[in-house]
Amino acid sequence: MAHQVRLTLDALQSLIDELQSREYIVIGPKIENRKVVYDEIAKIDDLPAGWSDEQEAATYRLHKTGSPALFDITHSMNAWIHHLYPSKATLLKASRENSGFTVERMKEAPPKYALFGIRPCDLEAMKKYDRILLKDTFHDEIYKNRREKTFIISANCTRPSGTCFCASMDSGPKATSGYDLALTEIIRDGDHYFIADIGSESAQELINKIPQAEASADDIAYANSLIEKAREQMGRTLNTGNLKEILYKNYENTHWDTVGDRCLTCGNCTLVCPTCFCTTIQDYTDLTGSNVERIRQWDSCYNNEFSYIHGGSVRTSSYARYRHWLMHKLATYHDQFDTSGCVGCGRCITWCPAAIDITEEASAIRQHSITV
Amino acid sequence: MEKTIETNRKTNGQYDPLITHPYTVKRVINETHDTFTLHLGPTNGRNTIFPFTAGQFNMLYMYGIGEIPISISGDPSKPEQLVHTTRAVGTVTKAMRGLKKGHSIGVRGPYGNGWPLDNLEGKDVVFIAGGIGLAPLRSAMYQVLANRDSYGKVVLLYGTRTPIDILFRKELERWKSRFDLDVYVTVDRAIGTWRGYVGVVTILVSRAPYDPRNTVALVCGPEVMMRFSIMELKKRGVKSEHIYLSMERNMKCGVGHCGHCQLGPTFVCKDGPVYRYDEIDYLLDIREV
Ligand SMILES: Cc1cc2nc3c(=O)[nH]c(=O)nc-3n(C[C@H](O)[C@H](O)[C@H](O)COP(=O)(O)OP(=O)(O)OC[C@H]3O[C@@H](n4cnc5c(N)ncnc54)[C@H](O)[C@@H]3O)c2cc1C
Ligand code: SF4
Ligand code: SF4
Ligand code: FES
């Protein structure tokens, strides 16, 4: 069994201090504009202790609980992607020179991030990003350099939100691999502490520097029971049995029209989704025209221009764009990358202004399946 | 030819696939009123000659304007001559038409698979091109003609709008005069002194001399044209798994990262642009996929 230790709240602060002394920028969940975002934190006190979130289709609310728990809130609105695959990045600078131009490749000094309190679903999403941007014929420089430096402190979930369905997608509520440390928060008998599973040598080395105690078998069992309870309380479920095959056979199901009528093609779902990775590349020219920056930005398949080829876009109807998105999440991603395009975080359900729910839409297609 | 950077591209972390490299225009050929061919060479004598497979494409970058996928239309056995043939249709391609000898253009690539020419020994090869679709097929044509004895009949069926739109006219005439090659050209609309075929290319598909049971067809052109040509090929008995077509989708990266070129479960930039018909036939009948 992996080595597990017990940490107090103060020890977590020491952990952050240690990380900062090693020049890590610590990223964690914090409250901003009445929602939990994932961004830079200075200390443990920046975490949303005593807050909890309520998530439903098109609904997000925060409320005070009176509990000292750090992790009663579930995942943040935005995932870690902002930090490892920035929403805007300059790829190159070009300058006019005589009859031609020169190109200067941008090389960044990659920031060193410690991702604190990253949820199991988001950690699974990172493995998908690794597959796409590191393990294909070509890798992405920016992602690779940032990713290699990243230290990961995952937080197992002991309370799912109303839109969570990671249990159906096999991507939570417990982090199974890919972390340096995985925390489970425990509050019992007036005690508040964390069981930390040590997943790497550098984590072990850090842990040695801070106050800690060996976790008892009872603590470990209790932590697991909390996670198991969360597994049973998922706000949503998705039946993935044979789903890919069913979806492929139902490209022309009339149900797509029904959801297409509701979808505003706003792209919110793609912006919050931790497995969405689409980008576009554009030129930004200065006023004189003698300098150009080529900038890569996040893009959304819901934009009409996304599929533009000369003569018009391939997907103009909203049903076709929603279909493309859902098919990608639950069917085509499997064939592209040998893994699901959905980790069941439920963000797309929460942040859809039209309350469109991927679990409902997938099961509607299953129910009205043209052929089985 | 010198050791190229192609191998480095895949193995050496130094190569960043999203960085364009300035090339110099060595020669401009105005093919028709809206189509032109550029011969490019590395700028500053840097060692950036790369081999390519017929059917592959490069991302061509016009300074300050944008970057687009364009197939290589040159001879794969002469990679030192980097050749692209483009039809001016919009922002980038129209700017590209303004390029003169000595000007610069950004190049990165080559990307995508290519036409499957290696395993066609003894087969009849039928090229079916619509409009600018002749450009990527020309590379394959060069390769087939260089090994002419390896194949059975070689047939080129080419359809375009009007006689003044005929691409590579001199080359087509030269090919037409060969005894080991059947070249048929048709136009949608006859003007001037045109005495050739009038009508869509599918008519030629049903009449041309090839043995459907021993034929491999390579098809490139507008999607509708390809659909109808394939219907005709199948009617004559050419098997789906012997038909290849080159698909077109919006492309930003060319390397499977940006998501734009998705066609069902595939990325046109890396799984295509050439597909075996039976791999994607189910997608071609679906609207807006
Ligand atoms: C694999 C492949 C090979 C191609 N080979 C050739 C060729 O050999 N010769 C040729 O003339 N054309 C070819 N095309 C089509 C060519 O890429 C488009 O005609 C060109 O992108 C149009 O750009 P534009 O700016 O002039 O047009 P606009 O209509 O002004 O387009 C604006 C922008 O939309 C995007 N876009 C538009 N059409 C396409 C398209 N078809 N594919 C991808 N992005 C597009 C580009 O970002 C473009 O800058 C090929 C396309 C693909 C996918
Ligand atoms: S599709 Fe929705 S539930 Fe699935 S990973 Fe993306 S945002 Fe989360
Ligand atoms: S599904 Fe919802 S969030 Fe996604 S584009 Fe449509 S309306 Fe916007
Ligand atoms: S062009 Fe970017 S994924 Fe294919």
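What counts as what
- Residues numbered from 1 in each chain as written.
- Chains lettered and ligands numbered in written order.
- Predicted model: local features only at pLDDT ≥ 70, side-chain atom pairs only at ≥ 80, totals over all residues.
- Heavy atoms only, no water.
- Helix = DSSP H or I, 4+ residues; strand = E, 2+ residues; numbered from the N terminus.
- Buried < 20%, exposed > 50% of the residue type's maximum accessible area, 1.4 Å probe, protein only.
- Lys, Arg positive; Asp, Glu negative; His and termini not counted.
- Charge placed at Lys NZ, Arg CZ, Asp CG, Glu CD.
- Contact = heavy atoms within 4.5 Å.
- Buried area = accessible area lost by both parts, 1.4 Å probe.
- Salt bridge = Lys/Arg side-chain N within 4 Å of Asp/Glu carboxyl O.
- Polar contact = N/O pair within 3.5 Å; in protein donor to acceptor, adjacent residues only side chain to side chain.
- Nonpolar A, V, L, I, M, F, W, Y, C, P; charged D, E, K, R; others polar.
- Pairing = 2+ DSSP bridges.
- Domains from an automatic or database assignment.

> What is the right way to look at the overall build of chain B in this model?
Along its length, chain B carries seven helices and 15 strands. Here the C-alpha coordinates of chain B stretch approximately 50 × 45 × 40 Å along the principal axes. Among the 289 residues that make up chain B, the fraction classed as buried is 60%. Treating the 37 positive side-chain charges of chain B as one cloud and the 29 negative ones as another, the clouds have centres 5 Å apart.

> Please clarify how the interface of chain B and chain A should be interpreted in this entry.
By a widespread convention, an interface's size corresponds to the accessible area lost as its parts come together. Between chain B and chain A, the contact holds 48 residues from the first and 54 residues from the second. Summed over both partners, the interface of chain B with chain A comes to about 4200 Å²; 58% of that surface belongs to carbon and sulfur atoms. Among the residues chain B hides against chain A, the three largest losses belong to B:Tyr63, B:His257 and B:Glu288. Together they make up 21% of the total. One can count three salt bridges joining chain B with chain A. A salt bridge links B:Asp16 to A:Arg105; the nearest nitrogen and oxygen atoms lie 3.9 Å apart. If you look at where chain B meets chain A, you find 23 residue pairs in polar contact (both at pLDDT 80 or more). Residue contributions to the side of chain B that touches chain A peak at four residues, all from strand β6 (residues 104-111) of chain B. Its residues assigned to classes, the side of chain B that touches chain A shows 20 nonpolar, 17 polar and eleven charged.

> Got a minute to help me understand the side chain of A:Gln4 in this structure?
Residues and elements named next belong to chain A. Summarising the element assignment, Gln 4 is placed in strand β1 (residues 4-8). Relative accessible area serves as the criterion here: at 13%, Gln 4 is assigned to the buried category. Reaching out from Gln 4, the side chain makes a polar contact with the side chain of Asp 197 at a distance of 3.3 Å. When residues no more than four places from it in sequence are discounted, the contact partners of Gln 4 are Ile 195, Ala 196, Asp 197, Glu 214, Ala 215 and Ile 220.

> Whenever I open this one, the pairing of strand β8 (residues 113-118) of chain A confuses me. Can you help?
Within a regular strand, side chains alternate between the sheet's two faces. Residues and elements named next belong to chain A. In terms of burial, β8 is largely enclosed, as six of its six residues are buried. As paired strands, strand β2 (residues 25-32) and β8 are joined by three bridges and run parallel to one another. Directly across from Ile 25, in β8, lies its bridge partner Tyr 113.

> Help me understand the domain arrangement of chain A, please; the structure alone is not making it clear to me.
All names here are of chain A. When its domains are assigned, chain A resolves into domain 1 (4-232) and domain 2 (243-367). With 44 residues of domain 1 in contact, the opposing surface of domain 2 contributes 38 residues. Both sides together, the interface formed by domain 1 and domain 2 hides about 3400 Å², and carbon and sulfur atoms give 60% of it. Counting every contact that joins domain 1 to domain 2 gives two salt bridges. Breaking the side of domain 1 that touches domain 2 down by element, the ones donating at least two residues are β4 (51-56), β5 (59-64), α2 (81-84), β6 (88-97), α3 (120-133) and α5 (166-169). Among the elements that take part in the side of domain 1 that touches domain 2, β6 stands out by supplying nine residues, more than any other. Along the lines of polarity and charge, the residues of the side of domain 1 that touches domain 2 split into 22 nonpolar, eleven polar and eleven charged.

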